[in-house]
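As a plain string of letters, each chain reads:
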Amino acid sequence: MINNEKAKQELLPIEKQFIELKLLRHNKFSDVFLCRHIFTLEDVMIEKFSYSFPLKAGLSSYISSQTMNRKILSSISTMHHTFDVFRNSTSTWYISENIEVDVFINCEVLPISQAKYLFFLFVQTVQILHNHLLAVNDWRPKNFYMSSTMIKFMNYSELTPFTEVSNEKGLVYLTDPRWMAPEAFLSKRYT
């Protein structure tokens, strides 16, 4: 039988259990790293938010909504899975699965059965998000990881709650038009 008190003393705090291997991307409020767990040698992605206390209201709201979305949606097969959320007074970490993907967007024609299956996964993802009253405003390929058999939506920061929007006096949301939802260009109210 293992002595639980001794095991607790030997276990490092979670923030010391990972080695940063490389920076994967820099976001507005955070950095995403490929990290290795020192005990299991498993690679994970960790999105790290660093801040000083007290936390600014905008950043606090952003982290809270992203945490809620991750907890609700990360068990869905087409969403990036979050294993754990770590918080203390100076940082928040999202510890997530590492996805090694053979991205196939290289101008090759896909077999029709494969294209139908991947399209089904996209539609299923949209339907699940809409059922949770969430929308994706930015459908750029960088927000998805794809392989020949899998699609994963990766960027929880691009999820927005359903609201009614009006473009009557100009565009409310603008990104690269190639990846915007068509209704974003309507000059009237839309959901």
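As a starting point, this report considers the structure included with it. What you see is a predicted model; the values in this text were computed from it and never measured.

An order of β1-β2-β3-β5-β4 is seen for the five strands of this open sheet, with the pairing classed as antiparallel. Only two strands of the sheet have a single partner each, and these edge strands are β1 (18-26) and β4 (82-87). Averaged over all pairs of adjacent strands, the angle between strand axes in this sheet comes to 25 degrees, irrespective of strand direction.

We now examine the pairing of β1. As paired elements, β1 and strand β2 (residues 31-37) share seven bridges and run antiparallel to each other. Directly across from Glu-20, in β2, lies its bridge partner Cys-35. Following β1, the chain reverses through four residues before pairing antiparallel with β2.

If you look at the biggest cluster of nonpolar residues, it comprises 15 residues, and the most contacted ones within it are Leu-73, Met-79, Leu-129, Ile-151, Phe-153 and Leu-159. If you tally residues by element for this core, the top one is helix α3 (residues 112-131), at four residues. Other than its neighbours up to four places away in sequence, Leu-73 contacts Met-79, Ile-128, Leu-129, His-132, Leu-134, Tyr-156 and Leu-159. Cys-35, Val-44, Ile-46 and Trp-93 belong to the second-largest nonpolar core, a separate cluster that totals eight residues.

Take the pattern of salt bridges next. A side chain of one charge can pair with a side chain of the opposite charge if their charged atoms are brought near each other. Counted by the stated rule, this structure contains four salt bridges. The partner of Asp-43 in a salt bridge is Arg-36, with the nearest N and O atoms 2.7 Å apart.

Turning to a nonpolar patch on the surface, a few remarks are in order. A surface patch of nonpolar side chains, about 510 Å² in accessible area, is lined by Leu-11, Leu-12, Ile-19, Leu-21, Ile-38 and Phe-39. Relative to the helices and strands, Ile-38 resides in the loop between β2 and β3 (43-50).

Right, let's talk about α3 for a bit. Relative to the 28 Å expected for 20 residues at 1.5 Å per residue, α3 spans 28 Å between its end C-alpha atoms, a close match to the ideal helical length. Within the sequence span of α3, burial applies to Gln-114, Leu-118, Leu-121, Thr-125, Ile-128 and Leu-129. Taken end-on, α3 shows its buried residues confined to a sector of 100 degrees, consistent with a single buried face. Exposed residues on α3 whose side chains face more than 90 degrees from its buried face are Ile-112, Ser-113, Lys-116, Phe-119 and Asn-131. As for α3, its buried residues are in contact with α2 (57-73), β6 (134-136), β8 (151-153) and β9 (159-161). Of the residues one or two after α3, Leu-133 is the one with positive phi, at around 60 degrees.

Take the side chain of Asn-69 next. The residue Asn-69 is located in helix α2 in this model. In contact with Asn-69, other than residues within four places in its own chain, are Ser-74, Leu-134, Tyr-156 and Leu-159.

Looking at the element boundaries, Phe-83 is found in strand β4. Taking the C-alpha atoms as reference, Phe-83 lies 7.7 Å from Tyr-94; in sequence the two are eleven residues apart. Excluding residues within four positions of it along the chain, Phe-83 makes contact with Val-44, Ile-95, Ser-96 and Glu-97.

Another aspect to go through is unusual backbone geometry. Even without glycine at this site, Leu-41 takes up a positive phi of about 65 degrees. With respect to the helices, strands and loops of the structure, Leu-41 is situated in the loop between β2 and β3. With a phi angle near 60 degrees, Leu-133 is a residue other than glycine that sits in the positive phi range. Note on placement: Leu-133 falls in the loop between α3 and β6.

Another aspect to go through is the side chain of Gln-17. Position of Gln-17 among the secondary structure elements: in the loop between α1 (4-10) and β1. At 2.7 Å, the side chain of Gln-17 and the backbone oxygen of Leu-12 are in polar contact. Other than its neighbours up to four places away in sequence, Gln-17 contacts Leu-11, Leu-12, Arg-36, His-37, Ile-38 and Phe-39.

Conventions adopted
- Residues numbered from 1 in each chain as written.
- Predicted model: local features only at pLDDT ≥ 70, side-chain atom pairs only at ≥ 80, totals over all residues.
- Heavy atoms only, no water.
- Pairing = 2+ DSSP bridges.
- Helix = DSSP H or I, 4+ residues; strand = E, 2+ residues; numbered from the N terminus.
- Axes fitted to C-alpha atoms, helices over the stretch in contact; angles between N-to-C directions.
- Core = buried A, V, L, I, M, F, W, Y, C linked by side-chain atoms within 4.5 Å.
- Buried < 20%, exposed > 50% of the residue type's maximum accessible area, 1.4 Å probe, protein only.
- Contact = heavy atoms within 4.5 Å.
- Salt bridge = Lys/Arg side-chain N within 4 Å of Asp/Glu carboxyl O.
- Patch = residues over 30% accessible without salt bridge, like charges linked within 9 Å, V, L, I, M, F, W, Y side chains within 5 Å.
- Areas by Shrake-Rupley, 256 points an atom, 1.4 Å probe, with all protein chains shown as cover.
- Expected span 1.5 Å × (residues − 1).
- Arc of directions from axis to C-beta.
- Polar contact = N/O pair within 3.5 Å; in protein donor to acceptor, adjacent residues only side chain to side chain.

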